[in-house]
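Listed below, chain by chain, are the residues.
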Amino acid sequence: DIQIRVHSRRGSNLIHPVSRVSPAPPSSSASPSGVVYQEIKHFKKWFPWLIPSFLVVNIIMFVVTMAVNDCPKNSYSCIARVLGRFSFQPWSENPLLGPSSATLEKMGALDVSKVVHQHQWWRLITCMWLHAGVFHLLANMLSLIVIGIRLEQEFGFVRIGLLYIISGFGGSLLSSLFIQSDLSVGASGALFGLLGGMLSELLTNWTIYANKVAALLTLVVIIAINLAVGILPHVDNFAHIGGFISGFLLGFVFLIRPQFGWVNQRYAVSSSEAEAAKPKFKAYQRVLWLLSLILLIVGFTVGLVLLFRGEDLNHHCSWCHYLSCVPTSRWKCNAQPVSCQALETGNQYTLSCSNSSRNRTYSLVNPSASQIQELCAQLC
(Lines give C-alpha, C1' and ligand atoms only; values in the text may rest on other atoms or scores of the structure.)
Protein backbone atom coordinates (compact mmCIF):
# COMPACT_ATOMS: atom_id res chain seq x y z
CA ASP A 1 0.00 0.00 0.00
CA ILE A 2 1.63 3.23 -1.17
CA GLN A 3 0.01 6.56 -0.48
CA ILE A 4 1.18 10.08 -1.23
CA ARG A 5 1.21 12.52 1.65
CA VAL A 6 2.08 16.20 1.38
CA HIS A 7 4.05 17.86 4.13
CA SER A 8 6.17 20.93 4.72
CA ARG A 9 9.68 20.57 6.09
CA ARG A 10 10.51 22.53 9.21
CA GLY A 11 12.13 25.83 8.28
CA SER A 12 11.16 25.45 4.62
CA ASN A 13 8.52 27.25 2.61
CA LEU A 14 8.29 24.32 0.17
CA ILE A 15 5.69 21.57 0.36
CA HIS A 16 7.00 18.10 -0.51
CA PRO A 17 5.15 14.82 -1.16
CA VAL A 18 6.25 11.70 0.71
CA SER A 19 5.12 8.08 0.32
CA ARG A 20 3.94 5.72 3.05
CA VAL A 21 5.90 2.51 3.24
CA SER A 22 5.07 -0.83 4.85
CA PRO A 23 6.64 -2.55 6.63
CA ALA A 24 8.60 0.29 8.21
CA PRO A 25 12.38 0.07 8.06
CA PRO A 26 14.17 0.74 11.38
CA SER A 27 15.80 3.93 10.06
CA SER A 28 12.57 5.52 8.80
CA SER A 29 10.87 8.27 10.75
CA ALA A 30 7.29 7.72 11.81
CA SER A 31 4.51 10.22 12.10
CA PRO A 32 2.56 10.62 15.39
CA SER A 33 -0.06 8.23 14.02
CA GLY A 34 2.52 5.49 13.65
CA VAL A 35 2.57 5.58 9.83
CA VAL A 36 6.06 5.71 8.35
CA TYR A 37 6.84 7.89 5.35
CA GLN A 38 9.77 8.05 2.97
CA GLU A 39 10.75 10.92 0.72
CA ILE A 40 9.68 10.87 -2.93
CA LYS A 41 12.60 10.65 -5.36
CA HIS A 42 11.64 13.79 -7.30
CA PHE A 43 11.57 15.91 -4.12
CA LYS A 44 14.42 14.44 -2.11
CA LYS A 45 17.12 16.45 -0.39
CA TRP A 46 20.58 16.32 -1.99
CA PHE A 47 23.83 16.47 -0.09
CA PRO A 48 25.51 19.76 -1.13
CA TRP A 49 29.15 19.28 -2.15
CA LEU A 50 29.52 21.23 -5.42
CA ILE A 51 28.88 24.70 -3.99
CA PRO A 52 31.41 24.15 -1.16
CA SER A 53 33.82 22.92 -3.85
CA PHE A 54 33.29 26.16 -5.80
CA LEU A 55 34.07 28.03 -2.59
CA VAL A 56 37.35 26.16 -2.17
CA VAL A 57 38.31 26.66 -5.83
CA ASN A 58 37.74 30.42 -5.60
CA ILE A 59 39.86 30.66 -2.46
CA ILE A 60 42.65 28.60 -4.01
CA MET A 61 42.60 30.74 -7.15
CA PHE A 62 42.90 33.88 -5.04
CA VAL A 63 45.88 32.47 -3.14
CA VAL A 64 47.56 31.45 -6.41
CA THR A 65 46.88 34.91 -7.86
CA MET A 66 48.50 36.58 -4.86
CA ALA A 67 51.52 34.28 -5.19
CA VAL A 68 51.88 35.19 -8.86
CA ASN A 69 51.43 38.88 -7.99
CA ASP A 70 54.44 38.84 -5.59
CA CYS A 71 54.03 42.46 -4.50
CA PRO A 72 57.46 42.87 -2.77
CA LYS A 73 59.21 41.92 -6.00
CA ASN A 74 57.21 44.21 -8.29
CA SER A 75 56.21 47.18 -6.11
CA TYR A 76 57.92 49.65 -3.81
CA SER A 77 55.17 49.72 -1.20
CA CYS A 78 52.96 46.80 -0.15
CA ILE A 79 50.32 46.21 2.52
CA ALA A 80 51.08 43.49 5.10
CA ARG A 81 54.64 42.86 3.93
CA VAL A 82 54.92 40.23 6.66
CA LEU A 83 52.97 37.95 4.28
CA GLY A 84 55.89 37.98 1.85
CA ARG A 85 54.89 37.35 -1.74
CA PHE A 86 51.26 37.13 -0.62
CA SER A 87 51.19 40.76 0.54
CA PHE A 88 48.73 43.16 -1.07
CA GLN A 89 49.12 46.03 -3.50
CA PRO A 90 49.00 49.56 -1.97
CA TRP A 91 45.61 51.08 -1.12
CA SER A 92 45.91 53.69 -3.85
CA GLU A 93 46.18 50.95 -6.48
CA ASN A 94 43.79 48.35 -5.07
CA PRO A 95 41.60 49.31 -2.07
CA LEU A 96 40.11 45.80 -1.95
CA LEU A 97 43.33 44.21 -0.58
CA GLY A 98 44.34 42.27 -3.64
CA PRO A 99 46.70 41.96 -6.62
CA SER A 100 47.51 44.37 -9.41
CA SER A 101 45.42 44.63 -12.57
CA ALA A 102 48.39 43.30 -14.56
CA THR A 103 48.37 40.11 -12.49
CA LEU A 104 44.62 39.68 -12.89
CA GLU A 105 44.99 40.07 -16.64
CA LYS A 106 47.74 37.45 -16.64
CA MET A 107 45.54 35.04 -14.66
CA GLY A 108 42.58 35.32 -17.07
CA ALA A 109 40.57 38.44 -16.25
CA LEU A 110 38.00 39.55 -18.83
CA ASP A 111 39.83 41.83 -21.27
CA VAL A 112 37.52 42.51 -24.20
CA SER A 113 40.30 43.50 -26.59
CA LYS A 114 42.04 40.17 -26.06
CA VAL A 115 38.77 38.28 -26.47
CA VAL A 116 37.92 40.04 -29.73
CA HIS A 117 41.32 40.52 -31.38
CA GLN A 118 43.25 37.55 -29.98
CA HIS A 119 40.25 35.17 -29.77
CA GLN A 120 40.87 34.43 -26.08
CA TRP A 121 37.23 33.47 -25.55
CA TRP A 122 38.11 31.45 -22.46
CA ARG A 123 38.42 34.72 -20.53
CA LEU A 124 34.62 34.84 -20.49
CA ILE A 125 34.76 31.85 -18.11
CA THR A 126 38.08 32.18 -16.27
CA CYS A 127 37.20 35.67 -14.99
CA MET A 128 34.45 34.03 -12.89
CA TRP A 129 37.06 32.37 -10.68
CA LEU A 130 39.18 35.46 -10.02
CA HIS A 131 38.61 38.20 -7.44
CA ALA A 132 40.04 41.69 -7.12
CA GLY A 133 40.73 41.46 -3.39
CA VAL A 134 39.96 39.98 0.01
CA PHE A 135 36.82 42.11 0.48
CA HIS A 136 35.56 41.16 -2.99
CA LEU A 137 36.20 37.47 -2.30
CA LEU A 138 34.51 37.47 1.14
CA ALA A 139 31.38 39.21 -0.13
CA ASN A 140 30.94 36.84 -3.07
CA MET A 141 31.72 33.64 -1.15
CA LEU A 142 29.30 34.52 1.65
CA SER A 143 26.58 35.05 -0.95
CA LEU A 144 27.54 31.79 -2.68
CA ILE A 145 27.12 29.77 0.52
CA VAL A 146 23.84 31.42 1.54
CA ILE A 147 22.20 31.10 -1.89
CA GLY A 148 23.91 28.09 -3.45
CA ILE A 149 23.66 25.56 -0.62
CA ARG A 150 19.87 25.74 -0.48
CA LEU A 151 19.51 25.38 -4.26
CA GLU A 152 21.90 22.42 -4.45
CA GLN A 153 20.03 20.69 -1.63
CA GLU A 154 16.77 21.06 -3.54
CA PHE A 155 17.89 20.38 -7.12
CA GLY A 156 21.23 18.56 -7.03
CA PHE A 157 24.74 19.39 -8.19
CA VAL A 158 24.22 18.86 -11.96
CA ARG A 159 21.47 21.41 -12.47
CA ILE A 160 22.88 23.98 -10.05
CA GLY A 161 26.40 23.55 -11.46
CA LEU A 162 25.15 24.19 -15.00
CA LEU A 163 23.05 27.13 -13.80
CA TYR A 164 26.09 28.68 -12.08
CA ILE A 165 28.52 28.26 -14.98
CA ILE A 166 26.16 29.32 -17.77
CA SER A 167 24.89 32.32 -15.80
CA GLY A 168 28.46 33.44 -15.14
CA PHE A 169 29.18 33.15 -18.86
CA GLY A 170 26.06 35.19 -19.64
CA GLY A 171 27.15 37.89 -17.21
CA SER A 172 30.61 38.06 -18.78
CA LEU A 173 29.07 38.23 -22.26
CA LEU A 174 26.79 41.19 -21.50
CA SER A 175 29.58 42.95 -19.62
CA SER A 176 31.94 42.63 -22.59
CA LEU A 177 29.33 44.20 -24.89
CA PHE A 178 29.03 47.35 -22.75
CA ILE A 179 32.26 47.72 -20.72
CA GLN A 180 35.23 47.36 -23.03
CA SER A 181 37.91 49.59 -21.48
CA ASP A 182 38.28 47.92 -18.06
CA LEU A 183 39.15 44.48 -16.74
CA SER A 184 36.37 42.50 -15.11
CA VAL A 185 36.66 39.70 -12.55
CA GLY A 186 34.45 38.02 -9.98
CA ALA A 187 31.70 35.47 -9.46
CA SER A 188 28.97 38.12 -9.21
CA GLY A 189 27.40 37.22 -12.57
CA ALA A 190 27.07 33.57 -11.54
CA LEU A 191 25.70 34.57 -8.12
CA PHE A 192 23.06 36.78 -9.71
CA GLY A 193 22.27 33.81 -11.93
CA LEU A 194 21.43 31.82 -8.80
CA LEU A 195 19.18 34.66 -7.64
CA GLY A 196 17.48 34.72 -11.03
CA GLY A 197 17.07 30.96 -10.88
CA MET A 198 15.46 31.23 -7.44
CA LEU A 199 12.92 33.72 -8.81
CA SER A 200 11.96 31.64 -11.85
CA GLU A 201 11.88 28.49 -9.71
CA LEU A 202 9.38 30.17 -7.41
CA LEU A 203 7.21 31.16 -10.39
CA THR A 204 7.32 27.85 -12.28
CA ASN A 205 6.76 25.77 -9.11
CA TRP A 206 4.22 28.23 -7.70
CA THR A 207 1.77 25.60 -6.45
CA ILE A 208 4.21 23.87 -4.07
CA TYR A 209 4.96 27.00 -2.03
CA ALA A 210 3.05 27.60 1.18
CA ASN A 211 3.58 31.37 1.57
CA LYS A 212 3.75 32.35 -2.08
CA VAL A 213 3.35 36.14 -1.92
CA ALA A 214 5.70 36.56 1.05
CA ALA A 215 8.38 34.46 -0.63
CA LEU A 216 8.02 36.39 -3.91
CA LEU A 217 8.17 39.84 -2.27
CA THR A 218 11.18 38.88 -0.15
CA LEU A 219 13.11 37.59 -3.14
CA VAL A 220 12.22 40.60 -5.32
CA VAL A 221 13.41 43.02 -2.59
CA ILE A 222 16.72 41.15 -2.21
CA ILE A 223 17.30 41.20 -5.98
CA ALA A 224 16.38 44.90 -6.24
CA ILE A 225 18.79 45.87 -3.45
CA ASN A 226 21.65 43.91 -5.01
CA LEU A 227 21.05 45.41 -8.44
CA ALA A 228 20.83 48.91 -6.91
CA VAL A 229 24.29 48.47 -5.39
CA GLY A 230 25.53 47.89 -8.92
CA ILE A 231 24.99 51.53 -9.91
CA LEU A 232 27.96 52.52 -7.76
CA PRO A 233 31.22 53.24 -9.62
CA HIS A 234 33.74 50.43 -10.17
CA VAL A 235 30.97 47.79 -9.92
CA ASP A 236 30.19 45.86 -13.10
CA ASN A 237 26.40 45.89 -12.99
CA PHE A 238 26.17 44.63 -16.57
CA ALA A 239 27.69 41.34 -15.35
CA HIS A 240 25.03 41.29 -12.62
CA ILE A 241 22.21 41.97 -15.09
CA GLY A 242 23.50 39.46 -17.65
CA GLY A 243 23.92 36.78 -15.01
CA PHE A 244 20.49 37.47 -13.55
CA ILE A 245 18.71 37.29 -16.91
CA SER A 246 20.57 34.09 -17.83
CA GLY A 247 19.79 32.49 -14.47
CA PHE A 248 16.15 33.58 -14.63
CA LEU A 249 15.67 31.88 -18.00
CA LEU A 250 17.72 28.83 -16.98
CA GLY A 251 15.55 28.42 -13.90
CA PHE A 252 12.53 27.68 -16.09
CA VAL A 253 14.62 25.04 -17.89
CA PHE A 254 16.56 23.36 -15.06
CA LEU A 255 14.50 23.95 -11.90
CA ILE A 256 11.08 22.74 -13.05
CA ARG A 257 9.31 20.22 -10.76
CA PRO A 258 6.58 17.68 -11.65
CA GLN A 259 3.09 18.40 -10.35
CA PHE A 260 1.81 16.44 -7.37
CA GLY A 261 -0.90 14.70 -9.40
CA TRP A 262 1.71 13.06 -11.64
CA VAL A 263 3.80 12.06 -8.63
CA ASN A 264 0.72 10.53 -6.97
CA GLN A 265 -0.22 8.42 -10.01
CA ARG A 266 3.40 7.31 -10.46
CA TYR A 267 3.49 5.83 -6.98
CA ALA A 268 -0.13 4.66 -6.90
CA VAL A 269 -0.97 0.96 -7.22
CA SER A 270 -4.68 0.90 -8.00
CA SER A 271 -5.64 0.86 -11.66
CA SER A 272 -8.43 3.39 -11.09
CA GLU A 273 -5.85 5.99 -10.10
CA ALA A 274 -3.63 5.11 -13.04
CA GLU A 275 -6.51 5.59 -15.47
CA ALA A 276 -6.81 9.29 -14.66
CA ALA A 277 -3.40 9.97 -16.17
CA LYS A 278 -2.00 13.43 -15.51
CA PRO A 279 0.89 15.04 -17.37
CA LYS A 280 4.20 15.36 -15.54
CA PHE A 281 4.30 19.13 -16.02
CA LYS A 282 1.57 21.71 -16.25
CA ALA A 283 0.89 23.58 -19.49
CA TYR A 284 2.34 26.88 -18.25
CA GLN A 285 5.52 25.07 -17.15
CA ARG A 286 5.99 23.61 -20.63
CA VAL A 287 5.40 26.99 -22.30
CA LEU A 288 7.90 28.75 -20.02
CA TRP A 289 10.44 25.96 -20.59
CA LEU A 290 10.21 26.28 -24.38
CA LEU A 291 10.24 30.10 -24.47
CA SER A 292 13.17 30.30 -22.07
CA LEU A 293 15.21 27.79 -24.04
CA ILE A 294 14.59 29.68 -27.29
CA LEU A 295 15.50 33.03 -25.71
CA LEU A 296 18.69 31.58 -24.22
CA ILE A 297 19.88 30.11 -27.52
CA VAL A 298 19.05 33.25 -29.49
CA GLY A 299 20.48 35.57 -26.85
CA PHE A 300 23.81 33.78 -26.50
CA THR A 301 24.18 33.39 -30.26
CA VAL A 302 23.49 37.05 -31.01
CA GLY A 303 25.67 38.18 -28.12
CA LEU A 304 28.66 36.13 -29.26
CA VAL A 305 28.30 37.32 -32.86
CA LEU A 306 28.21 40.97 -31.74
CA LEU A 307 31.17 40.44 -29.40
CA PHE A 308 33.48 38.90 -31.99
CA ARG A 309 32.48 41.60 -34.46
CA GLY A 310 33.80 44.11 -31.93
CA GLU A 311 30.46 45.86 -31.36
CA ASP A 312 30.08 48.33 -28.49
CA LEU A 313 26.39 48.41 -27.57
CA ASN A 314 26.78 51.81 -25.90
CA HIS A 315 26.82 53.25 -29.43
CA HIS A 316 23.33 51.83 -29.98
CA CYS A 317 21.91 52.67 -26.55
CA SER A 318 22.62 56.18 -25.25
CA TRP A 319 21.17 55.58 -21.78
CA CYS A 320 22.27 52.01 -21.05
CA HIS A 321 25.45 53.13 -19.26
CA TYR A 322 23.25 54.38 -16.40
CA LEU A 323 22.41 50.75 -15.63
CA SER A 324 25.96 50.26 -14.38
CA CYS A 325 26.79 53.66 -12.90
CA VAL A 326 24.73 56.75 -12.08
CA PRO A 327 26.86 59.89 -11.61
CA THR A 328 26.24 62.02 -8.53
CA SER A 329 27.90 64.95 -6.78
CA ARG A 330 30.08 62.45 -4.88
CA TRP A 331 31.44 60.44 -7.81
CA LYS A 332 31.85 60.40 -11.55
CA CYS A 333 31.31 57.47 -13.90
CA ASN A 334 33.46 58.43 -16.87
CA ALA A 335 36.76 57.52 -15.24
CA GLN A 336 39.49 57.15 -17.86
CA PRO A 337 42.30 54.60 -17.71
CA VAL A 338 45.32 55.90 -15.80
CA SER A 339 48.44 56.50 -17.88
CA CYS A 340 51.56 58.62 -17.48
CA GLN A 341 54.37 60.06 -19.52
CA ALA A 342 57.79 59.28 -18.03
CA LEU A 343 60.89 61.45 -18.48
CA GLU A 344 64.14 59.76 -17.39
CA THR A 345 67.21 61.71 -16.30
CA GLY A 346 69.78 59.38 -14.75
CA ASN A 347 68.03 57.85 -11.74
CA GLN A 348 65.39 60.57 -11.75
CA TYR A 349 62.01 59.75 -13.28
CA THR A 350 59.44 62.50 -13.80
CA LEU A 351 55.91 61.17 -14.22
CA SER A 352 53.12 63.30 -15.67
CA CYS A 353 49.47 62.20 -15.67
CA SER A 354 47.98 62.10 -19.15
CA ASN A 355 44.48 63.05 -17.90
CA SER A 356 45.51 65.82 -15.45
CA SER A 357 48.28 68.33 -14.77
CA ARG A 358 49.82 66.34 -11.93
CA ASN A 359 53.50 65.48 -12.12
CA ARG A 360 56.19 64.34 -9.72
CA THR A 361 59.85 63.32 -9.77
CA TYR A 362 61.04 60.01 -8.22
CA SER A 363 64.48 58.59 -7.55
CA LEU A 364 64.41 55.08 -9.03
CA VAL A 365 67.05 52.48 -9.87
CA ASN A 366 66.13 50.27 -12.83
CA PRO A 367 62.37 50.30 -12.13
CA SER A 368 60.14 47.68 -13.74
CA ALA A 369 57.10 48.55 -15.83
CA SER A 370 54.75 47.43 -13.03
CA GLN A 371 56.55 49.69 -10.54
CA ILE A 372 56.18 52.65 -12.88
CA GLN A 373 52.49 51.82 -13.31
CA GLU A 374 52.01 51.64 -9.53
CA LEU A 375 53.56 55.10 -9.02
CA CYS A 376 51.44 56.40 -11.89
CA ALA A 377 48.27 55.07 -10.23
CA GLN A 378 49.21 56.67 -6.91
CA LEU A 379 49.98 60.01 -8.58
CA CYS A 380 46.88 60.19 -10.80
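Please read these numbers as outputs of a predicted model, since none were measured by experiment.

Among the nonpolar cores identified, the biggest contains 52 residues, and Leu144, Ile160, Tyr164, Leu194 and Leu307 are the most heavily contacted of them. Every element with two or more residues in this core is listed here: helix H1 (50-69), helix H4 (112-117), helix H6 (134-155), helix H7 (157-178), helix H8 (188-204), helix H9 (212-229), helix H10 (237-254) and helix H13 (283-308). Setting aside residues up to four positions removed in sequence, Leu307 forms contacts with Val112, Val115, Val116, Leu124, Leu173, Ser176 and Leu177.

Further remarks concern the pattern of salt bridges. Opposite charge on two side chains permits pairing when their charged atoms draw close. Per the stated rule, a full pass over the model turns up five salt bridges. Two residues, Glu105 and Lys114, come together in a salt bridge whose shortest N-O distance is 3.5 Å. Take Lys114: its relative accessible area is 19%, and that puts it in the buried class. For the salt bridge of Glu154 with Arg257, the shortest nitrogen-to-oxygen distance reads 2.8 Å. Pair noted here: Glu154 is in helix H6 and Arg257 is in the loop between H10 and helix H11 (260-267), with a separation of 103 residues, a long-range link. Residue class for Arg257 comes out buried when judged on its relative accessible area of 3%. Through salt bridges with shared partners, one network takes in Lys45, Glu154 and Arg257.

Our next topic: the environment of Ala239. Here Ala239 shows up in helix H10. Judged by relative accessible area, which is 13%, Ala239 ranks as buried. The spacing of Ala239 and Phe178 is 61 residues in sequence and 9.6 Å in space, taken between C-alpha atoms. Those residues in contact with Ala239 that sit more than four places away from it in its chain are Gly171, Ser175 and Gly189.

Before going further, it helps to examine the state of the cysteines. As used in these notes, a disulfide is a covalent bond between sulfur atoms, one from each of two cysteines. Inspection of every chain in the model, using the stated rule, returns two disulfides. A disulfide bridge connects Cys71 with Cys78, and the sulfur atoms are separated by 2.0 Å. Sign of the S-S torsion, about -100° for the bond between Cys71 and Cys78, identifies this disulfide as left-handed. Accessibility classification places Cys71 together with Cys78 in one group, the buried group.

Further remarks concern empty space enclosed by the protein. Counting across every chain of the model gives one cavity of 30 Å³ or more. Empty space within the largest cavity amounts to approximately 40 Å³. Lining the largest cavity are Thr204, Asn205, Thr207, Ile208, Arg257, Pro258, Gln259, Lys282, Tyr284 and Gln285. Here the residues of the lining of the largest cavity sort into three nonpolar, five polar and two charged.

This next bit is on the sheet that holds strand S5 (residues 340-345). Strand order in the open sheet made by the three strands is S5-S6-S7, with antiparallel pairing throughout. Two strands bound the open sheet, and with one partner strand each, they are S5 and strand S7 (359-363). Here the strands of the sheet are splayed against their neighbours by 20° on average, with no regard to which way each runs. Alignment of S5 against strand S6 (residues 348-353), held across six bridges, turns out to be antiparallel.

Relative to the helices and strands, His240 is located in helix H10. Along the chain, His240 and Gly170 lie 70 residues apart, while their C-alpha atoms are 9.4 Å from each other. Not counting chain neighbours up to four residues away, the residues in contact with His240 comprise Ser188, Phe192, Asn226, Leu227, Gly230 and Val235.

Right, let's get into the UniProt feature "transmembrane region" (unreviewed entry) in the protein chain. UniProt records the feature "transmembrane region" (unreviewed entry) for residues 46-68, 128-149, 161-179, 185-206, 213-232, 238-256 and 287-308 in the present numbering. Strand forms 0% of residues 128-149 and helix 73%; the C-alpha atoms that close the span are 18 Å apart. With 77% helix and 0% strand, residues 185-206 has its two end C-alpha atoms placed 35 Å apart.

Turning to the confidence of the model for the protein chain, a few remarks are in order. Mean pLDDT over the protein chain works out to 82, with 81% of the residues at or above the 70 mark. Confidence over residues 1-8 falls short of pLDDT 50; this stretch has 28 contacts with residues more than four positions distant or in other chains. Segment residues 26-31 is flagged for pLDDT under 50; beyond a separation of four residues in sequence, or across chains, it makes six contacts in the model.

About the thresholds
- Residues numbered from 1 in each chain as written.
- Predicted model: local features only at pLDDT ≥ 70, side-chain atom pairs only at ≥ 80, totals over all residues.
- Heavy atoms only, no water.
- Core = buried A, V, L, I, M, F, W, Y, C linked by side-chain atoms within 4.5 Å.
- Buried < 20%, exposed > 50% of the residue type's maximum accessible area, 1.4 Å probe, protein only.
- Helix = DSSP H or I, 4+ residues; strand = E, 2+ residues; numbered from the N terminus.
- Contact = heavy atoms within 4.5 Å.
- Salt bridge = Lys/Arg side-chain N within 4 Å of Asp/Glu carboxyl O.
- Disulfide = S-S within 2.5 Å.
- 1 Å grid on protein atoms, 1.4 Å probe; cavity = no way out; pocket = protein on both sides within 12 Å on 5 of 7 lines; lining within 4 Å.
- Points joined across faces, edges and corners; volume = space filled by probe spheres on them.
- Nonpolar A, V, L, I, M, F, W, Y, C, P; charged D, E, K, R; others polar.
- Pairing = 2+ DSSP bridges.
- Axes fitted to C-alpha atoms, helices over the stretch in contact; angles between N-to-C directions.
- UniProt positions renumbered as here; feature names shortened; annotations may be inferred.
- pLDDT = per-residue confidence, 0-100.

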